[in-house]
Structure formats: structure tokens, C-alpha cells
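Okay, here's what each chain looks like letter by letter:
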Amino acid sequence: MDYPIVLALEDFVPVILGSTGFALLSRTAPTARAQQAGLAGAVLIGLGGVSKCIWKLAFSAEVGDWTLFEQALFPLMAAGATLLAWALAVTVRHGRRTHAWPFALAFALCVAGAIFGQSLNPLFVAATLGVTAVSVLGAIIAARYQQWWAVSLYVLGLVLVMGLVPLRGSDSHHTLAFQWLEQGINTSAQAALLAAAWLTLRASRRASRQASRNSANVGASQ
């Protein structure tokens, strides 16, 4: 199948949307350490997506073998999702101590499985479960602030991404029309994530400002 350059360029769009959404979610973390870890995770996820996009662009332009960029997708996504999931777990626990070692251990086991099995499948699983966990944790945080539109958008994003699985197993998967369909669905999913993350962050900041005002009022009354 000929892979047109315009299709390869469009693939950058969901990467930008999703990475921005993940970065916004990292800002909901209640501690500086968790925010830094979450932002680093968002950057790694974005770098993984950009690497795959560069490979697609090189493939469509027929400028050589850039397979290494394609293979960087799942390792970077898995590492990034692990960091971001831990940061959001801290948020869900209201800043209480949240051990990082279970997240690190799970990632290390997937890395070991990939090395010994000579396959990226363990890291694919880690990346998939990690990004799914991020959306679930984001929905939990949004629900805390009664941001039901955000919760609905997280669910919509997950449904759209899961809807890509049967499409990839279709006999028509390698046709140009299916490639456009898949990228359109992925773009819609990442747009939903971005909107949900923005609503969640806005609600989080609003609640934080309200808590600060309440604290100031209590202090003044005393």
C-alpha cells in the first residue's frame, strides 16, 4: 500500500492532542514531585508518538529505513505511562504517600520480558495498560469534582481506542481508506482526552482556589 505523506503528517495531530492532554493531567498532581514525574511521563509518551510519526513520514517519502524510530514507540510510551500513572495515583490519594516501587517493578518486569523474549510485546502491553490506567485515573479525579462531561469524554476516548482493535484485524486494514478511518478515530479519541483533561484541570484549580479562600476566611474569623 502506498502511504501518502499527507496521511503521515496527519498522524502528528493525535500525538500533539494526546501529549497536551497528558501534560494537563500532570498539573492536577498535588505535589511538585508528582507534577514533575507526570510531566516527564507526558513528554516521554509524546516522544514515542513523534518517533512513530517520523518513521511513517520517512516511509511515505521513501528516504530510507528508520525502523529504530518505529520501535521506540512502545518503550517510550510504557515508561511515560508508568510515570504519569504514578503521579495521578498520588492525586487520587490526595497527596498521601504513594509508593513508586510497584509501578517501577511492573515496568522493569516488562522490560525484562522484552529483552529475554526478544519482542516488544511486553512493552506494548505495558504501554496499553498504562495509558488506559491514566484515563481511568483521570476519570476518577474528574468525578471527584463532579465533572461528568469530563468523565464521559474519558470513557468516549477509551471506547474509540478500543474500537481500533477489531479494525486492525480486518482484511481491509492495509487499504488507504481504512488507514484514514483509523487515524480519524485515533484523532477523535485524543481530542476527547484533551478536552477531558482540560476540564479536569480547570475543576481542580477551581477547587484549590475555593479551599484557599475558605482557609483565609477561617483564619480571618479567628
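Before going into details, it helps to say that this report is about the structure given with it. Residue positions within a chain follow its written sequence, with the count starting from 1. The predicted origin of the model limits local features to residues at a pLDDT of at least 70 and limits the giving and counting of side-chain atom pairs to 80 or more, whereas totals for whole chains, interfaces and linings rest on all residues. Think of the side-chain values as coming from all heavy atoms in the structure, minus any hydrogens and water.

1. Some words on the overall build of the protein
We count it as follows: For helices the rule is a DSSP run of H or I covering at least 4 residues; for strands it is a run of E covering at least 2, with both sets numbered from the N terminus onward. Accessible area is worked out with a 1.4 Å probe on protein chains only. A residue is then buried under 20% of its type maximum, exposed over 50%, and partly exposed in between. Whether two residues are in contact is decided by their heavy atoms: any pair within 4.5 Å suffices. Surface accessibility follows the Shrake-Rupley procedure with a 1.4 Å probe radius. Residue values consider only the protein chains on display as shielding.
Within the protein, the regular secondary structure consists of 9 helices and 0 strands. The helix and strand sequence of the protein, counted from the amino end, reads α-α-α-α-α-α-α-α-α. For the protein, the residues scored as buried account for 39% of the 222 residues in total. Across the protein, contacts joining residues at least 24 apart in sequence account for 74% of those joining residues at least 6 apart. Per element, the accessible surface of the protein, about 12,000 Å² overall, is 67% carbon and sulfur.

2. As for the nonpolar core
The following threshold applies: We define the nonpolar core as a collection of buried residues of types Ala, Val, Leu, Ile, Met, Phe, Trp, Tyr and Cys that are connected through side-chain atoms lying within 4.5 Å of one another.
If you look at the biggest cluster of nonpolar residues, it comprises 30 residues, and the most contacted ones within it are F22, L88, V134 and Y154. Taken together, the elements giving at least two residues each to this core come down to helix 2 (12-26), helix 3 (32-61), helix 5 (73-92), helix 6 (101-117), helix 7 (121-144), helix 8 (148-168) and helix 9 (176-221). If one sorts the elements of this core by residue count, helix 7 sits on top with 8 residues. Every residue in contact with L88, bar those within four places of it in the chain, is listed here: L25, T28, V134, L137, G138 and I141. Residues A34, W86, A87 and V90 belong to the second largest nonpolar core, which totals 6 residues.

3. Quick notes on the side chain of S51
Topologically, S51 is positioned in helix 3. Beyond its immediate stretch of four places on either side in the chain, S51 contacts F69, E70, A72 and L76.

4. What about a nonpolar patch on the surface?
Rules: What makes a patch is a set of residues exposed beyond 30% relative accessible area and free of salt bridges, joined within 9 Å when like-charged and within 5 Å when nonpolar (Val, Leu, Ile, Met, Phe, Trp, Tyr). Salt bridges are defined by distance alone: a side-chain nitrogen of Lys or Arg within 4 Å of a carboxyl oxygen of Asp or Glu.
Judged by side-chain polarity, V63, W66, L68 and F69 come together as a nonpolar surface patch covering roughly 380 Å² of accessible area. Tracing the backbone through its elements, the reader meets V63 in the loop between helix 3 and helix 4 (67-71).

5. Quick look at unusual backbone geometry
In this model, H94 sits at a positive phi of 60 degrees, which is unusual for a non-glycine residue. Structurally, H94 can be placed in the loop between helix 5 and helix 6. According to the relative accessible area criterion, H94 is exposed, its value standing at 53%. Here Q118, not a glycine, exhibits a phi torsion of approximately 50 degrees, which is positive.

6. Side note on the packing of aromatic side chains
Convention followed: Working definition: rings of Phe, Tyr and Trp (its six-membered ring) pair if their centres are within 6.5 Å, and the pair is stacked with planes under 30 degrees apart, edge-to-face with planes over 60 apart, and tilted otherwise.
Under the definition given, this model contains 3 aromatic pairs. Measuring from centroid to centroid gives 5.2 Å for W66 and F69, while their planes differ by 45 degrees, and the two rings are tilted. For F69, a relative accessible area of 30% corresponds to the partly exposed category. Judged by centre distance (5.1 Å) and plane angle (75 degrees), the rings of F74 and F124 are edge-to-face. Note that F74 is positioned in helix 5 and F124 in helix 7, a separation of 50 residues in sequence. The partly exposed category is assigned to F124, whose relative accessible area is 38%.

7. Regarding the packing of helix 5 against helix 7
Put simply, the test is: Every axis corresponds to a line fitted to the C-alpha atoms, with the helix fit spanning only the stretch in contact, and the corresponding angles, defined between N-to-C directions, vary from 0 to 180 degrees. What sets the label is the angle itself: under 35 degrees gives roughly parallel, over 145 gives roughly antiparallel, 65 to 115 gives roughly perpendicular, and the rest give oblique. Each crossing gets its handedness from the near helix: less than a right angle anticlockwise from the far helix is left-handed, clockwise is right-handed.
Between helix 5 and helix 7, the shortest axis-to-axis distance is 8 Å and the interhelical angle comes to 25 degrees. One element, helix 5, and the other, helix 7, form an angle in the roughly parallel class. Where helix 5 crosses over helix 7, the two elements pack in a sense that is left-handed. Facing F74, P75, M77, A78, A81, L84, A85, L88, A89, T91 and V92 of helix 5, the residues of helix 7 in contact are L123, F124, A126, A127, G130, V131, V134, L137, G138, I140, I141 and R144.

8. So, helix 5
Here is the rule we go by: Under the convention used throughout, the expected extent of a helix is 1.5 Å for every residue step, that is, one less than its residue count.
Helix length check: helix 5, at 20 residues, gives a terminal C-alpha distance of 28 Å against a target of 28 Å (1.5 Å per residue), a fit within 8%. Taken across its 20 residues, helix 5 has 15 buried, putting it largely inside the fold. Of the residues trailing helix 5, H94 is marked for its positive phi of about 60 degrees.

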